[in-house]
Amino acid sequence: MTLRTLLYGGLAAWLTITVPAHAATPCQVGPPAGTHVLTGDFDGDGVADRLWVRRQSRAALPALAWDPWNSRLRRNAGVAFMLVIDRRDVCTLIQNRRFFSTPIWQDSPAPLQVLPHDAPQGESWKAVAPRWRGDGILLGSEAGIDMLLYWDGRRFRVVHSDDTP
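Residues numbered from 1 in each chain as written. Predicted model: local features only at pLDDT ≥ 70, side-chain atom pairs only at ≥ 80, totals over all residues. Heavy atoms only, no water.

A. Quick peek at the overall build of the chain. A tally of helices and strands in the chain yields 4 helices and 10 strands. Along the chain, helices and strands appear, N-terminal first, in the series α-α-β-β-β-β-β-β-α-β-α-β-β-β. Looking at the chain as a whole, 43% of its 165 residues are labelled buried. Restricting to contacts in the chain with at least 6 residues of sequence separation, those with at least 24 account for 51%. (Helix = DSSP H or I, 4+ residues; strand = E, 2+ residues; numbered from the N terminus. Buried < 20%, exposed > 50% of the residue type's maximum accessible area, 1.4 Å probe, protein only. Contact = heavy atoms within 4.5 Å.)

Laid out in structure tokens, this is it:
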């Protein structure tokens with residue numbers, strides 16, 4: 001790992017947890033009418049957070065989004081689909097063009113499920129996500145294998161289960 005990689009990774013993590021919600025963010029505006037909103041304590045701070053899917057036109061939202069598959073911040077360059085996590089004073093946009101472009105994510109409702117940290121099903125995830133804090137978010141995939149989107153105390157991460165379809 002190079003110094004450059006460490007610096008960019010650290011900067012991305014810092015920006016992800018310190019960018020406050022501004023009027024232009026989806027968190028300030030809130031979910032559109034009729035949008036399914038999930039709630040959970042996604043960052044483990046004891047306060048309920050909100051999660052919803054943001055479908056948008058190809059026009060870019062003027063914001064940065066976190067890509068937990070690649071551990072980097074990306075400009076929202078017209079990605080048609082992203083997750084919005086509203087954590088009181090921090091608005092986190094989650095996007096990955098490749099993952100969210102699969103047909104399962106075009107369906108409504110999106111294949112999302114809140115996994116409480118203390119749920120029995122969560123025990124198997126703790127082996128692959130030892131720094132998991134708060135409630136997790138299960139992301140469905142075309143292969144039928146869920147992924148866990150979770151907060152590790154600094155940033156959101158994604159892990160794959162060891163299950164096979």
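B. How the structure looks around the pattern of salt bridges. The final tally for this structure, using the stated rule, is 6 salt bridges. Of the charged contacts, one joins Asp 43 and Arg 87 as a salt bridge, the two residues approaching to 3.4 Å between their closest N and O atoms. A residue pair is termed long-range when its members are at least 10 positions apart, and Asp 43 in the loop between β1 (38-40) and β2 (49-55) and Arg 87 in strand β5 (residues 81-87) qualify at 44 residues. Take Asp 43: its relative accessible area is 12%, and that puts it in the buried class. Residue classification places Arg 87 among the buried residues on the basis of a relative accessible area of 6%. Asp 45 is the salt-bridge partner of Arg 88, the closest N and O atoms lying 2.8 Å from each other. Here Arg 88 is found in the loop between β5 and β6 (90-94), whereas its partner Asp 45 is found in the loop between β1 and β2, with 43 residues between them in sequence. Arg 88 gets classed as exposed once you look at its relative accessible area, which sits at 53%. Looking at Asp 45, the relative accessible area reads 34%, which means it is partly exposed. (Salt bridge = Lys/Arg side-chain N within 4 Å of Asp/Glu carboxyl O.)

C. Up close: the sheet that holds strand β8 (residues 133-139). The 4 strands are arranged β7-β8-β9-β10 in an open sheet whose pairing can be described as antiparallel. A strand with exactly one partner marks an edge of an open sheet, and here the two such strands are β7 (112-115) and β10 (156-160). Put simply, the sheet's adjacent strands are angled 25° from each other on average, direction ignored. Note: β7 against β8, 4 bridges, orientation antiparallel. The residue of β8 that forms the bridge with Leu 112 is Leu 139. (Pairing = 2+ DSSP bridges. Axes fitted to C-alpha atoms, helices over the stretch in contact; angles between N-to-C directions.)

D. Just the environment of Arg 88, in detail. With 41 residues separating them along the chain, Arg 88 and Val 47 place their C-alpha atoms 8.2 Å apart. Those residues within four positions of Arg 88 in sequence are excluded, and the remaining contacts are Asp 45, Val 47 and Asp 49. Among the polar contacts made by the side chain of Arg 88, one reaches the side chain of Asp 45 at a distance of 2.8 Å. (Polar contact = N/O pair within 3.5 Å; in protein donor to acceptor, adjacent residues only side chain to side chain.)

E. Geometry of unusual backbone geometry. A positive phi angle, close to 50°, is found at Ser 71, a residue other than glycine. With respect to the secondary-structure elements, Ser 71 resides in the loop between β3 (64-67) and β4 (72-75). Looking at Ser 71, the relative accessible area reads 30%, which means it is partly exposed. Its identity is not glycine, yet Arg 88 carries a phi of approximately 55°, on the positive side.

Spatial relationships are all this shows, so hold off on functional conclusions.
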